[in-house]
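Summary of structural features
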Amino acid sequence: MSQESNQATPIQKGRAWTALAAHWKQIEPLHLRELFANDPKRSERLSLEAAGIFLDYSKNRITDETLRLLVQLAEEAGLRARIDAMFAGEKVNPTEDRPALHVALRAPRGAVLTVDGENVVPGVHGVLDRMGEFSNEVRSGAWKGHTGKRIKNVVNIGIGGSDLGPVMAFEALRHYADRSLTFRFVSNVDGTDFAEATIDLDPEETLFIIASKTFTTQETMTNAHTAREWCLAGMGGDAKAIARHFVAVSTSAKEVAAFGIDTAHMFGFWDWVGGRYSMDSAIGLSTMIAIGPEAFAEMLEGFHGMDEHFRTAPFERNLPVLKALLTVWYTNFFGAATVAILPYEQYLKRLPAYLQQLTMESNGKHTTLAGERVGVDTGPIYWGEPGTNGQHSFYQLIHQGTRLVPADFIAFARPLNALGDHHDLLIANVFAQTEALAFGKTRAEVEAEGVPPDLAPHREFDGNRPTNVMLFEQLTPTALGQIIALYEHDVFTQSVIWNIDPFDQWGVELGKVLAKKIVPELVSQEEPSLEHDESTNALIRRYRSLRGRK
């Protein structure tokens, strides 16, 4: 639904929304060529440096009036009060009746953040301290396996936020990782994932981190039990081996103990931490083992710096707020359905996948906090690949396709691996792509180059495609924390505008419930009585037939 929706909803009845709808009709025909030509200092004015990030947002289809109205929209939505409520530990996740206090995970020692009257910061640092001690034991070789061999392999088993965050962080910070250790990640219940992750590992040298808040998540526990069997098979079936080869990240000591893991080797977190907001909690244990406690602390400092910027900066100079308001502008007024995440840094190759969960599980909602239909589009689709790979793949559609695709370009001034002129060429592509997307190439310019008239339409670029450029000095643990916190607060701001809960995820439940019903129907030795729809019943029967079951 674009701004042309027939049925006005509460969000559309506000002064700012109404004014933006009228303003959009004035802006929509304007081209970025014209906006830049009429405003020589546009890029100087529409750029912002804060919390370690330089953001150039001048190549967006906006004017000063657009920004004024978007900030007014945030104010009318009560964004300031919602930010304060989140940081105060209030229950900003009403459908689950809990706070969303992931900012406490990176609060410095001595800070005070309360939940139900209790300062949670000392508990957070207690877990971080235990993580640090354990990480140093593994990294130094002091932690030995059951047979006395040093741990050389760490396998993280989780799914969703218990996998995407650790995988992304490991890949992003691989440059800083201990190369004497091998890290693998298992999430998919497809047996191939586990088989390939462990095919060349020695059980005597392997440590498993089982990451599950409840320790009952079906996919994770299926993989965890397979890991247990694999480990025991490699060490003669001695159940005592589990204590030296498995640790848990969970809130359920009972389930952890029942699995056979010593609860002394359990690292906890809290129900006010959502899975997709948990990579800087104990869920990040594999990250800490890889890069060490000191570098992990630097990452937390990056998170906290962005938290404070978001909490205190005025909206018109607030990085997450500006990014969120631009997303609302394109989603609800231009009808853009997606946002492209384009990191020009190979180490960030898993960032788009991580942000898919953070953004789409958070804001993929159709119900307001009041339980009514939203009435406008929410939760654009986030996707992307690292540059320059994407330029030889999907950039064709972004440049000359019929869909408007706003894009975030993420780049770093200094490379982590300086090889010849590689990095200058990489960054030249960032600047060239955003220039081409903004200004394109007119038919006259194409024909002036001597292109035959019949080919000229194919060589024309409309331009007027919006981009943000985020430029950092270098990819460090601190910078990674800044990036992730930026998008976390970007997502939260969008949710406030749309008046939805970004911290629940009821949409993942129905399929999981139905799967539990179907599993016994697939494996039953006797022909089951099926009560699904005709299509599902037929698929179950076909599967059973292919597996040689009645």
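In this text, all values refer to a predicted model and were calculated from it rather than measured experimentally.

Scanning the protein chain from terminus to terminus reveals 23 helices and 13 strands. Whereas a compact globule of 550 residues would reach a radius of gyration of roughly 24 Å, the protein chain reaches 25 Å, a difference of no more than 12%. In the protein chain, which comprises 550 residues, the share counted as buried stands at 54%. Within the protein chain, contacts between residues at least 6 apart in sequence are counted, and of these 73% link residues at least 24 apart.

Now for the domain arrangement of the protein chain. Taken as a whole, the protein chain is organised into domain 1 (31-90 + 313-498), domain 2 (104-296) and domain 3 (513-547). Its C-alpha centre places domain 1 at a distance of 34 Å from the equivalent point of domain 2. Facing 25 residues of domain 1, the contacting portion of domain 2 comprises 21 residues. When domain 1 packs against domain 2, the two sides together hide about 2000 Å² of surface, and 60% of this comes from carbon and sulfur. For the interface between domain 1 and domain 2, the tally reads three salt bridges. Among the ionic pairs, E488 bridges to R106, the shortest N-O distance being 2.6 Å. Counting the contacts that link domain 1 with domain 2 gives eight residue pairs in polar contact (both at pLDDT 80 or more). When contributions to the side of domain 1 that touches domain 2 are tallied by element, the ones reaching two or more residues are α16 (351-363) and α21 (477-498). Classifying every residue of the side of domain 1 that touches domain 2 gives 15 nonpolar, six polar and four charged.

Let us look at the sheet that holds strand β8 (residues 246-249). Here five strands make up an open sheet; going across it, the order is β6-β5-β7-β8-β9 and the pairing parallel. Taken across any chain shown, the strands that pair with only one partner, and hence form the sheet edges, are β6 (182-186) and β9 (266-267). Pairing of strand β5 (residues 153-157) with strand β7 (residues 206-211) involves five bridges; the strand directions are parallel. Looking at β7, one finds that I157 is bridged to I210. Relative to β6, helix α9 (residues 191-198) is tilted by about 175 degrees, and along the sheet it contacts β5, β6 and β7.

Turning next to the pattern of salt bridges. Summed over all chains, the structure comprises 23 salt bridges. Two residues, E96 and R98, come together in a salt bridge whose shortest N-O distance is 3.9 Å. One salt bridge connects D408 with K323, and the closest N-O pair in it is separated by 2.9 Å. With D408 in strand β12 (residues 407-412) and K323 in helix α15 (residues 319-332), this pair connects stretches of sequence that are 85 residues apart. For K323, a relative accessible area of 3% translates into the label buried.

Calculation notes
- Residues numbered from 1 in each chain as written.
- Predicted model: local features only at pLDDT ≥ 70, side-chain atom pairs only at ≥ 80, totals over all residues.
- Heavy atoms only, no water.
- Helix = DSSP H or I, 4+ residues; strand = E, 2+ residues; numbered from the N terminus.
- Rg over C-alpha atoms; globule rule 2.2 N^0.38 Å.
- Buried < 20%, exposed > 50% of the residue type's maximum accessible area, 1.4 Å probe, protein only.
- Contact = heavy atoms within 4.5 Å.
- Domains from an automatic or database assignment.
- Buried area = accessible area lost by both parts, 1.4 Å probe.
- Salt bridge = Lys/Arg side-chain N within 4 Å of Asp/Glu carboxyl O.
- Polar contact = N/O pair within 3.5 Å; in protein donor to acceptor, adjacent residues only side chain to side chain.
- Nonpolar A, V, L, I, M, F, W, Y, C, P; charged D, E, K, R; others polar.
- Pairing = 2+ DSSP bridges.
- Axes fitted to C-alpha atoms, helices over the stretch in contact; angles between N-to-C directions.

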